[in-house]
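Residues per chain, in single letters:
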Amino acid sequence: MKTVLKIIIGIVLAFVIIGIGMVACTGAFINEVDKEMTKTTEEAKTDESKPGLAEYEQVETGMTIEEVNAILGEPTDTTVSESDGLKMEMVSYDARGDLGANILVTFTNGAVDSKTQTGVAE
């Protein structure tokens, strides 16, 4: 009986030690992921290959898509709709800033009608 009790206590202790080790490893992994996310966020805010607020401010109503692309670079996505002789294009550009920062420019019949930005940095 004492031998069975010792075996059960040994097994329980082994599980406790393994559990503590797993928790410690998981915590270290989460810490490393957090560091990488912070690093990626900082890189996104300083990526000079993408347009920032200064470029966004240069976009003016009436500009053509070619003029806007010369300022903001190539778009990442374009959605076009046409109805009753009216052509609307919603053009999205990746931007410098927070992760997911972007600039959205709406063209009506080939000219800038409106613009908006989300998370764009200087």
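In the block above lies the structure referred to throughout.
Read on for a plain summary of the structure.

Calculation notes
- Residues numbered from 1 in each chain as written.
- Predicted model: local features only at pLDDT ≥ 70, side-chain atom pairs only at ≥ 80, totals over all residues.
- Heavy atoms only, no water.
- Helix = DSSP H or I, 4+ residues; strand = E, 2+ residues; numbered from the N terminus.
- Buried < 20%, exposed > 50% of the residue type's maximum accessible area, 1.4 Å probe, protein only.
- Contact = heavy atoms within 4.5 Å.
- Areas by Shrake-Rupley, 256 points an atom, 1.4 Å probe, with all protein chains shown as cover.
- Pairing = 2+ DSSP bridges.
- Axes fitted to C-alpha atoms, helices over the stretch in contact; angles between N-to-C directions.
- Salt bridge = Lys/Arg side-chain N within 4 Å of Asp/Glu carboxyl O.

## What to know about the overall build of the protein chain
And step 1. Counting secondary structure elements, the protein chain contains 3 helices and 4 strands.
And step 2. Across the 122 residues of the protein chain, 20% fall into the buried class.
And step 3. Residue pairs in contact within the protein chain that sit at least 24 positions apart in sequence constitute 44% of those at least 6 positions apart.
And step 4. As presented, the protein chain carries roughly 8400 Å² of accessible surface, and 61% of it is formed by carbon and sulfur atoms.

## Some remarks on the sheet that holds strand β1 (residues 77-83)
And step 1. As summarised here, the arrangement of the 4 strands in space is β1-β2-β3-β4, forming an open sheet in which the pairing is antiparallel. Pairing within the sheet leaves two strands with one partner each, and these edge strands are β1 and β4 (111-120). Sheet twist, expressed as the mean angle between neighbouring strand axes with direction ignored, is 10 degrees.
And step 2. Both strand β3 (residues 97-108) and β4 contribute to a ladder of 8 bridges, which runs antiparallel. The residue of β4 that forms the bridge with G97 is V120.
And step 3. Running over the sheet, helix α3 (residues 65-72) touches β2 (86-94), β3 and β4 and is turned about 5 degrees from β2.

## Topic: the pattern of salt bridges
And step 1. Under the criterion given, the structure shown has 2 salt bridges.
And step 2. R96 is the partner of E48 in a salt bridge, and the nearest nitrogen-oxygen pair spans 3.7 Å. Of this pair, E48 sits in the loop between α1 (2-45) and α2 (53-58) while R96 sits in the loop between β2 and β3; the two residues are 48 residues apart in sequence, bridging distant segments of the chain.
And step 3. Salt-bridge contacts for R96 lead to E55; the nearest nitrogen and oxygen are separated by 3.7 Å. Note that R96 is positioned in the loop between β2 and β3 and E55 in helix α2, a separation of 41 residues in sequence.
And step 4. The exposure class assigned to E55 is partly exposed, which follows from its relative accessible area of 23%.

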